[in-house]
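Residue-level listing of the chains:
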Amino acid sequence: MQKLSIEVTVNGTTYRRDVEPRLLLSDFLRHELGLTGTHVGCEHGVCGACTILLDGEPVRSCLMLAVQANGHTITTVEGVAPNETDLHPLQQAFRETHALQCGYCTPGFLMSLLPFVETHPNPTDDEIREALAGNLCRCTGYQHIVEAVKLACRLMHAPQDA
Amino acid sequence: MTARETRYFGKPVRRNEDPKLLTGRALFVDDVDLPGMLHAAFYRSPYAHARIRAIDVSAAKAMPGVVAVYTAEDLGDYWQPGPLLVPPPPVHKMPVFNKRTQVPLAKEKVRFVGEPIVLVVAESRYIAEDALEQIDVAFEPLPAVVDVEAALAPDAPLVHEDAGTNIAAHVIQEKGNWEEALAAADVVIERRFVYDHGHAAPMETRGIVAHWDARMQTLTVWDTTQAPIPIRNGLAGMLGLSEHQVRVIAPFIGGGFGPKIMMFYQEEVLIPWASMQLARPIKWIEDRRENFLAMTQERYQIHDAKIALTRDGKILGVWDSFLHDTGAYIPYGLTVPLNAQCTLLGPYVVPHYYSEFKAVFTTKAIVTPYRGAGRQHGVFVMERLLDIAARELGLDRTEIRRKNFIPPDAFPWDNEIIYQDFAPLVYDSGNYEPALDKAMEMIGYRRFLEEEKARYRAEGRHVGLGIVAYVEGTGIGPYEGARVQVQPNGKVIVATGVGTQGQGHFTSFAQVVAEQLGVPVEDITVVTGDTAEFHWGTGTFASRGAVVAGSAIYEAAKAVREKVLRMASEELEVSPDDLELADGNVFVRGAPDRALRLGDLAIAANPLRGAVAPDTEPGLEATRYFGPPRGATASGVHAMLLEVDPETGFVRILKYVVVHDCGTVINPLIVEGQIHGGVAQGIGNAFYEKIVYDEHGQLLTASFMDYLVPTAMEVPPMEVAHVETPSPWNPLGAKGVGEAGAIPVGPLFAQALEDAFDNAFEVTEIPLSPQQVWALVHGSKEKQS
Ligand code: FES
Ligand code: FES
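Source: prediction; values computed, not measured.

Reading the values: the criteria
Residues numbered from 1 in each chain as written. Chains lettered and ligands numbered in written order. Predicted model: local features only at pLDDT ≥ 70, side-chain atom pairs only at ≥ 80, totals over all residues. Helix = DSSP H or I, 4+ residues; strand = E, 2+ residues; numbered from the N terminus. Rg over C-alpha atoms; globule rule 2.2 N^0.38 Å. Contact = placed C-beta atoms within 7 Å. Domains from an automatic or database assignment. Nonpolar A, V, L, I, M, F, W, Y, C, P; charged D, E, K, R; others polar. Core = buried A, V, L, I, M, F, W, Y, C linked by C-beta atoms within 7 Å. Buried ≥ 20, exposed ≤ 12 C-beta atoms within 10 Å, placed from the backbone. Pairing = 2+ DSSP bridges. Axes fitted to C-alpha atoms, helices over the stretch in contact; angles between N-to-C directions. Expected span 1.5 Å × (residues − 1). Parallel < 35°, antiparallel > 145°, perpendicular 65-115°, else oblique. Left-handed = near helix turned anticlockwise from the far one by under 90°. pLDDT = per-residue confidence, 0-100.

Caption draft 1: Region of the structure containing the overall build of chain B. Helix and strand counts for chain B come out as 19 helices and 30 strands. Over its C-alpha atoms chain B spans a radius of gyration of 28 Å, differing by no more than 12% from the 28 Å that the globule rule assigns to 785 residues. Over its C-alpha atoms, taken along the principal directions, chain B stretches across nearly 95 × 75 × 50 Å. Counting contacts in chain B only where the partners sit at least 6 residues apart, residues at least 24 apart contribute 81% of the total.

Caption draft 2: Quick look at the domain arrangement of chain B. Residue and element names in this part refer to chain B. Partitioning chain B into structural domains gives domain 1 (18-24 + 477-626), domain 2 (32-142 + 200-294) and domain 3 (300-476 + 630-784). A C-alpha centroid distance of 35 Å is found between domain 2 and domain 3. Opposite the 29 residues of domain 2 that make contact, domain 3 presents 31 residues. By residue class, the composition of the side of domain 2 that touches domain 3 is 19 nonpolar, six polar and four charged.

Caption draft 3: Spotlight on the nonpolar core. All names here are of chain B. Within the largest apolar cluster, 307 residues are counted, with the highest numbers of intra-cluster contacts made by Val-118, Val-120, Val-494, Val-513, Ile-553 and Leu-642. When residues in this core are grouped by element, the largest group, 13 residues, is from helix H15 (residues 545-572). If near-sequence neighbours (up to four positions away) are discounted, Val-494 is found in contact with Ala-482, Val-484, Phe-509, Ala-510, Val-513, Ile-524, Val-526, Val-527 and Ile-553.

Caption draft 4: Fine view of the interface of chain A and chain B. Contacts between chain A and chain B engage 43 residues on the former and 44 residues on the latter. Among the elements of the structure, helix H2 (89-96), helix H3 (106-119), helix H4 (125-132) and helix H5 (143-157) of chain A are those that each provide at least two residues to the side of chain A that touches chain B. Of the residues forming the side of chain A that touches chain B, the biggest block, four residues, is contributed by H2(A). Among the residues forming the side of chain A that touches chain B, the class breakdown is 20 nonpolar, 15 polar and eight charged.

Caption draft 5: Structural view of unusual backbone geometry. Residues Phe411(B) and Pro412(B) are joined by a peptide bond in cis, for which omega reads -5 degrees. In this structure, Pro412(B) sits in the loop between helix H11 (397-404) and strand S17 (413-418). Here Asp55(A), not a glycine, exhibits a phi torsion of approximately 50 degrees, which is positive. Summarising the element assignment, Asp55(A) is placed in the loop between strand S3 (51-54) and strand S4 (57-60). The class for Asp55(A) is exposed, based on 12 C-beta atoms found within 10 Å.

Caption draft 6: Representation of the sheet that holds strand S5 (residues 109-110) of chain B. All names here are of chain B. Reading across from one edge, S5-S2-S7 is the order of the three strands in this open sheet, with antiparallel pairing throughout. The open sheet has two edge strands with one neighbour each: S5 and strand S7 (136-141). Of the pairings in the sheet, the one linking strand S2 (residues 50-56) to S5 comprises two bridges and is antiparallel in character. Directly across from Arg-51, in S5, lies its bridge partner Lys-109.

Caption draft 7: Fine view of the sheet that holds strand S13 (residues 282-285) of chain B. Residue and element names in this part refer to chain B. The seven strands lie next to each other as S3-S6-S1-S13-S10-S11-S12, forming an open sheet whose pairing is mixed. Either end of the sheet is taken by a strand with one partner, and the two such strands are strand S3 (66-70) and strand S12 (246-249). Strand-to-strand, the axes of this sheet are offset by a mean angle of 20 degrees, without reference to chain direction. Across six bridges, strand S1 (residues 38-44) lies against strand S6 (residues 116-122) in antiparallel orientation. Bridge assignment links Arg-44 to a residue of S6, and that residue is Pro-116.

Caption draft 8: Spatial organisation of helix H6 (residues 228-239) of chain B. Residues and elements named next belong to chain B. For H6, spanning twelve residues, the distance from its first C-alpha to its last is 16 Å, which sits close to the expected 16 Å at 1.5 Å a residue. Taken together, the buried positions of H6 are Pro-228, Ile-229, Pro-230, Ile-231, Arg-232, Gly-234 and Leu-235. A positive backbone phi angle near 70 degrees is found at Gly-240, which sits one or two residues after H6.

Caption draft 9: Representation of the domain arrangement of chain A. All names here are of chain A. Here the domain parsing of chain A yields domain 1 (4-79) and domain 2 (89-157). The C-alpha centroid of domain 2 is placed 22 Å from the C-alpha centroid of domain 1. Opposite the 15 residues of domain 1 that make contact, domain 2 presents twelve residues. Broken down by element, the side of domain 1 that touches domain 2 gets its largest block of residues, three residues, from S3.

Caption draft 10: Inspection of the environment of His462(B) at higher detail. Residue and element names in this part refer to chain B. Along the chain, the position of His-462 falls in strand S19 (residues 462-474). Of the residues examined, His-462 has 19 C-beta atoms within 10 Å and is grouped as partly exposed. For the pair His-462 and Glu-643, spaced 181 residues apart in sequence, the C-alpha to C-alpha distance is 5.6 Å. Those residues within four positions of His-462 in sequence are excluded, and the remaining contacts are Glu-643, Val-644, Pro-646, Ala-756 and Phe-757.

Caption draft 11: Up close: helix H9 (residues 335-343) of chain B. With respect to burial, H9(B) is a largely interior element, nine of its nine residues being buried. Residues Thr335(B), Val336(B), Pro337(B), Leu338(B), Asn339(B), Ala340(B), Gln341(B), Cys342(B) and Thr343(B) constitute the buried set of H9(B).

Caption draft 12: Up close: the environment of Gly108(A). Residues and elements named next belong to chain A. Checked against the element boundaries, Gly-108 lands in helix H3. Since 28 C-beta atoms lie within 10 Å of it, Gly-108 is described here as buried. Taking the C-alpha atoms as reference points, Gly-108 and Val-19, 89 residues apart in sequence, are found 24 Å from one another.

Caption draft 13: The pairing of strand S9 (residues 187-196) of chain B, seen in detail. All names here are of chain B. The pairing of S9 with strand S14 (residues 300-309) spans ten bridges and is classified as antiparallel. Looking across to S14, one finds that Val-187 is bridged to Leu-309. Examined bridge by bridge, S9 and strand S30 (residues 765-766) share two bridges and lie parallel to one another. Considered in S30, the bridge of Tyr-195 is made with Ile-766.

Caption draft 14: Representation of the packing of H3(A) against H5(A) in the model. Residues and elements named next belong to chain A. Packing of H3 against H5 leaves a shortest axis separation of 10 Å and a crossing angle of 40 degrees. It follows that H3 is oblique to H5 by the angle criterion. Crossing of H3 over H5 shows right-handed handedness. Contact residues: Phe-109, Leu-113, Val-117 and Glu-118 in H3; Ile-145, Val-149, Ala-152, Cys-153 and Met-156 in H5. A per-class count over the contact of H3 with H5 returns eight nonpolar, no polar and one charged.

Caption draft 15: Main features of the confidence of the model for chain B. All names here are of chain B. Of the residues in chain B, 98% have a pLDDT of 70 or more, and the chain-wide mean is 93. Every residue in residues 1-5 is under pLDDT 50, and counting partners more than four places away or in other chains gives nine contacts. This prediction of the complex comes with two scores: 0.94 for pTM and 0.97 for ipTM.

Caption draft 16: Quick look at the environment of Val519(B). All names here are of chain B. Among the secondary structure elements, Val-519 is positioned in the loop between helix H14 (505-517) and strand S22 (524-528). Given 25 C-beta atoms within 10 Å, Val-519 falls into the buried group. Residues in contact with Val-519, not counting those within four places in the same chain, are Val-492, Ala-514, Ile-524, Gly-584 and Leu-598.

In structure tokens:
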């Protein structure tokens, strides 16, 4: 199959690769770039496990082809925190409230929620649940995830001490 | 000191495993990448039931990038039906048991849509899937066997012709004498109930990477299994290898819920074999459609049940006869129907019990345990019978339950039948009334009945209350083991054989050790699911991880603690009774500067020179095993307020409370999470999720668009409270919690729904759907007019 050249910036690094036009973006990230933090739960756009940020917006990487990402900037879960100790407030909040069990869905939730927590200092439960509704989690029953989002919003929008 | 009075128990300790998972650095099976790795895909049956006349793979083989194509013929002697994982139980009456287990690749006949027929191995998954389209199989379709009642008709087509029947098993268990109950009864209630339980749908599908290293003569397998050690043992046996040549790793697993303990899946048998044939690593990852078709599931049972009672609501006896759909094969034996049969008895005194079931072969995916594993079906029958009886006798629904609870001083309580672990069904401990009281208080039972209900109704709103009780047999044997080792740097390694799929074992097990050794939880590394780290064990199922492996870890940690005390008392010249362990040190009570680091003791326990006393084992380390004599019985009460829209049939849960008794709570945060997740699955099962096969045995619900897993919009906030009745049968006092949340939600929905319409209709079937609710409401209105 004819390959096409693409250039994509992922977590600050620019990659140039020749890929088959049919290659899914999720497979490209996971298997070509080795960024296996992005998970695949359904490959039909329902579960949200594969969510990444494309130019800052959450999108499902299983519903895009790698070639469609040409020229775009992507953030995956690996790009959210520099290491396992210096976690982003949203990640901290997930840990604090036990918002993950098997953790398979978690990268997708984090990526879907990042823009939300940045723009919502004090969301209601209903707003949070609506923001979560595009992601499936089979382990947690969502309650702790709702709490995590509340906590993250508090942490991120806390008034700075002088 | 008992296990319960501790610094680390009962604390909401944050999980050790989270930072890896949160930063995308945890290893799941599909993340394994090896040089030279090939990719597999399966050609699966498009028919539920058909004879295979011919298979032509020549075009697929000729495609560039295709490395190998295998059919059943190519497997030679390796083609064998799988093992019977759970043998038939030692019950007194079992007139039929037809052992028929799945085969690696279908040979003459296919028995369910999705059954694998051809394995393709190629340079990429994309190429392997292209090759599937080039495979040509000539089928002669046979009539599908879909309905369990029709399957028993004399002229029904047979799933396994050589069995001469579609009955896979027929089991009768009895306690006392139902006829006596009947003779003494003031009331007998009789109903037919249908309970359907669906697909586990873990977010991670199944997957396997197998790597045969021809030079080392070793096979390494990464497998999404809940039971790595039995997989290693089985693979070694099948492949003619010794166990030390095979290493099975269950890394991070994206949810299991039961089906990931099936042994052996066809793919599990084939991928390691193919890797040995080709001397290259091979990866197979199931896609979501395959997961719906070919991963095991649960299914429906049809119960014809009767309950006999006195006028004042005392249970005299229960009679139940049910059909259990087991799918095309029965590799997991009778675990699911036995659970249904046993769990039906619930927390109640049932003097006489007759229960009979037939497991029936159908041309559908194989049925094996999925979270609850038949317990739901039994609980549904009993709780519904009690609701209907209460109504007929004019009793309050909580009163009829209270009246029949096994009293707290009657334990251990012998139900006189055989459980899924083949031991008599004996409850270890329990205290049911406080849980009921607490749930009534939390849901506002009296207030709702006396005031709120009428107020809602006046506003034109249909709100109903549900409240049901259940027990859950957990923590069954045979055994687990663990090794606890203090490293020279003072950190502790804990190795055990069970796999972990998100239950927080890395943390709760560390808490058990922290408790004994006074080492902070974050300095304790738990290694699970790798057969190279621990040789013996069975697996994570039946809510047994915390109970059985946890107890083995407790025993091992206690032995290490004793060694620490012995060594330190010699070194510091004080009695062991005057020593304490904390912060990674052992020190003289009241004189914290007279202390030794555990790490230094570990070094001293492994001397390089000098004489060692006879019978001394090196290292600060111990290995212990634990096998509970019997399971530990957890219990609980759930209650909810449900609002129903009579026009659309849609429902909204206004309040949900859980009062649960899982004995000693090691980590309340983890226990709560387990319950939340279980309830969410229970809600899915009760109202949203349904596996639908059409009359040709085609699965109509093979995607998340058709099989509706609840989202955050459907799952309500829950309030969870605990009653702690420790189990006397393990040193932690723990009872399992993995399945509890999921078990009672069906009957809870049914009761609340009826209540919302003042019992204008009866609910005898789960799952419900908006259409069904609408039909029930509508039907009852027609009856009235
Ligand atoms: S994998 Fe992309 S939405 Fe499920
Ligand atoms: S934590 Fe397992 S699917 Fe969400």
